[in-house]
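As a plain string of letters, each chain reads:
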Amino acid sequence: MIRRLSVRCVGTLFAIGLVSAASAGEAPALAAQVKEGKLPPLVKRLPEKPEVITPLHSVGQYGGTLRNALRGNGDHNAILRVVGNQGLVRWNVEMTKIVPNIAERWTTNADSSEYTFYLRKGMRWSDGTPFTADDILFYTQDLMVNKEFITAPPSQFRVNDKPMQVEKIDDYTVRFRFAGPFVPFLENLAHPTGQQPVFYAKHYCSQFHPKYNPKIDELLKANNQRDWGALMRQKCGDIEVPTRWGNTARPTLDPWVIVEPYGGSASRVVLKRNPYFWQTDTKGNQLPYIDELRLQVISEVETIVLAAINGQLDLQFRHIGVIQNLPVLNENAAKGGYKVLQMEDASSNAAGLFLNQSTKNEKLRAMVRNKDFRVALSLATDRKEINETVFLGQSYPWQIGPKKGNRFYNAQLATQHTKLDVAAANALLDKLGLSKRDADGIRLYPQGGRVSIGAIVQVASTSYVDVLELLRKQWARVGVDLVIQGVERSLFYDRSNTNDYDMAIFVVGGGLDPQFDKTGVMVWSMESRQSLQWFKWAESGGKQGEEPSPSMKRRLQLNDQWKVAKSPAEADELLKQILQLAADEFEVIGTVATPKVPGIVSKRLVNVFDSMPWAWPYATPAGSLPQQYYFRR
C-alpha cells in the first residue's frame, strides 16, 4: 500500500515561480496581498490549531499550475478527485484508519450511538468568514430534514430509518445522536458522499432558503428556478452534482477554490489557492504549495491519452487508467517527462457478469435462478484466454469479493468454479433438461426455443465488448447463445432501470472496501444488476419491484443489523456472514480480478506516492493529499 509520510531535509531550491515555503510561511502572492492590506496576516487566517501535514518526501516550494483533464459536463467527480473531499474526518493516507480533518478530535459513547466533534477554533471559509457549529446545524436542521430540499435524509445519516439529531454545545462543539448504534458513521463521514454536514456555508447559502430570506421569490425569478431547493443546488451545489463547481462566489473549505467554473460550454476549469486554508506543513507553511489547478475539458478519451503521452498533463489517472493503455504510457514516458504509476484497484472483478434473476424472459429466468446453470456458465468460461487477450496477461482468474490480504477475504467467494471444465459444464446443462440442440449446436428449452442470453454493454467500454466476444465463442461450445447488445451509456442505464436485459457486464466492487461496496454480494444499489427488481423491493419496503430469494432477504436483514452493530467486531462478523451467503448462492459470475490501474505523474511533481489505492472512498488521488504536492526544477 502506501508508505507513511516522512520529512527529509531539503536544500534551498529556487526556480521561476517557485519559492521555498520554509522561508515564506505563505505563498508569495498571498504575502503581497497582506502587504497591500487586501488580506489579513497569516496568523489571523489560520485556525488556532491548524492541522499539520507531514510531507511525503520534503517541505515544498510554492508555485506552479497542475494540469489535469476531465470529460464534458458529466465528469464533475474528476475535479473532486484532485481537490479532495473535506469532511469532519478523513481516511489516513494508507486508507487503514479514520483520522481528524475539519474536526480537531471527537469522542464516542459506549454503544457508538453518539459522536461529539470538536471543531478547529478560528477556522474560516474561503471568503474569511468563521466556520462554526452553526454551519453544521444549517445543513442538519434546515436542509437534511426539509422535504422541500430532499425527500428523505441520506442513508448515511439515518439509523432505524430515523435521521440523526445534531446539537450545538458551543460554537466549536457539536454532538450527533442516532436512534441506535452506528459503528460505520465515521467511515461514512470520510467518504466523498459524507461531506454534507460541513459543505454549506450558512452566511452565504441561507440567502437561498425561505426561512432566512422572505424575498426568496425574487431570487427564484431572477435565476429562473422552480423552487428554492433547486436554487440552493444551483448556487451552493450538493454532493455528486456538477453545480458544486459552478459558482465562483460559493465559499468553501477546500485547498483551492473555483475561479473558472465548470459547466455549459467551458473548455477548462481553473481553481486557485484558498487563502484561508486550514492545513500547514511541519514548518508552519500554509498549504497548498501549488498555486493553481487547471483541468482541460476533453471529450474523447483517446485525446486525453494523447495529451498525457505528449507531456501536456502533470497528473492523470482518470480516463487513461485501463490496463490496455499501459504499453503506450510506458513507451512514451521519457518523451512526455512523466513516470507511470500502477495503483491497486479497490474493485474485485474487472468484468463481472450480472445474470438478471428477474429477466422478463420466463424460460431463461427459470434457468438463471438455478445455481447449476450459473455454475455451468462459469465452468465454460476460459479466464486464461480473457486475461491474455483483453487484459494483457496482467490479471488472474477471479470471481468476486475481497482480495487476498483483506480481513474479509473469502476463498470460496473468490475462487470457486474458476477452472475451465467444458465437460462438467455440458453435464450440468444436460441434467437441467437442456440436452437437445439445434443445427447450430445451441441448446433448446424443453418448451422450445434456443437458450439465448442477451448481454447489454456500453459500446464505449471496449474491454467489456472484447470480453463478451470471447465469451460468445466460449459459451457456444457448451450450447449457450450469447447475444451482445452494445448500447450508449445512457441507454445502458435506461435498460437496466427498466429491467430490459438478461445479463449486464460491469466492474464488480468490494475488492479492498467491501464495507462500502456490496454490489456483487447483495442487492445494495442501482449497480446491483443481479436484480434491480429485488433492490427496488428492498428500498420500497416491498411496495415496488419483486420479492427476492430467501438467501437475498437474509442478506438484507444481516445488512440492516450490520448498520446498527454495537461494535466493530460485531459489524465485521455480520459482513462475513453476508459474504458467505453470497458465496453459497453464486449469483454473479466473475472473469478476472481487476488489474493495476495505470496513471501518469510529471517527473517534476514531488510528494506523490508511488502507489496508492484506486478507490472511490479514497477519491484517488485526493486521499494522498495533493495539497502537499509541489513542483521542483
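Residues numbered from 1 in each chain as written. Predicted model: local features only at pLDDT ≥ 70, side-chain atom pairs only at ≥ 80, totals over all residues. Heavy atoms only, no water.

Chemist: How do you make sense of the pattern of salt bridges when you look at a structure like this?
Modeler: Any two side chains of opposite charge can pair, so long as their charged atoms come close to each other. Applying the stated rule across the entire model yields 33 salt bridges. A salt bridge links arginine 233 to aspartate 238, with the shortest nitrogen-to-oxygen separation between them at 3.1 Å. On the basis of relative accessibility, which here comes to 22%, the residue arginine 233 falls in the partly exposed class. Residue aspartate 238 is classed as buried on the basis of its relative accessible area of 10%. With a closest N to O distance of 2.7 Å, aspartate 430 and arginine 443 form a salt bridge. With aspartate 430 in helix α16 (residues 422–431) and arginine 443 in the loop between α16 and β20 (452–458), this residue pair connects regions lying 13 residues apart in the sequence. The network of salt bridges with common partners includes Glu114, Glu167, Arg175 and Arg177. (Salt bridge = Lys/Arg side-chain N within 4 Å of Asp/Glu carboxyl O. Buried < 20%, exposed > 50% of the residue type's maximum accessible area, 1.4 Å probe, protein only. Helix = DSSP H or I, 4+ residues; strand = E, 2+ residues; numbered from the N terminus.)

Chemist: Help me out: how do you make sense of the packing of aromatic side chains in this one?
Modeler: Counting across every chain of the model gives 26 aromatic pairs. The interplanar angle of 70 degrees and the centroid separation of 4.9 Å between the aromatic rings of phenylalanine 178 and phenylalanine 182 together place this pair among those described as edge-to-face. Under the relative-accessibility criterion, phenylalanine 182 is labelled buried at 3%. Ring plane angle 75 degrees and centroid distance 5.0 Å describe the contact between phenylalanine 199 and tyrosine 200, whose orientation is recorded as edge-to-face. The same class applies to phenylalanine 199 as to tyrosine 200, namely buried. Here the aromatic cluster, defined as three or more aromatic residues joined through ring pairs, consists of Tyr115, Phe117, Phe176, Phe178, Phe182 and Phe185. Over the face of the ring belonging to tryptophan 614 we find arginine 81, whose NZ or CZ atom lies 4.5 Å from the ring centre. Here the guanidinium or amino end of lysine 518 rests over the ring plane of tryptophan 562, the centre of that ring lying 3.5 Å away. (Phe/Tyr/Trp six-rings, centres within 6.5 Å; stacked < 30°, edge-to-face > 60°. Lys NZ or Arg CZ within 6 Å of the ring centre and 35° of its normal.)

Chemist: Help me understand the confidence of the model for the chain, please; the structure alone is not making it clear to me.
Modeler: Fine structural detail should not be taken from predicted coordinates in areas where pLDDT scores are low. Mean pLDDT over the chain stands at 93; residues scoring 70 or higher make up 96%. Low pLDDT, under 50, characterises residues 1–24; the stretch is placed with 67 contacts to residues that sit more than four places away or in other chains. (pLDDT = per-residue confidence, 0-100. Contact = heavy atoms within 4.5 Å.)

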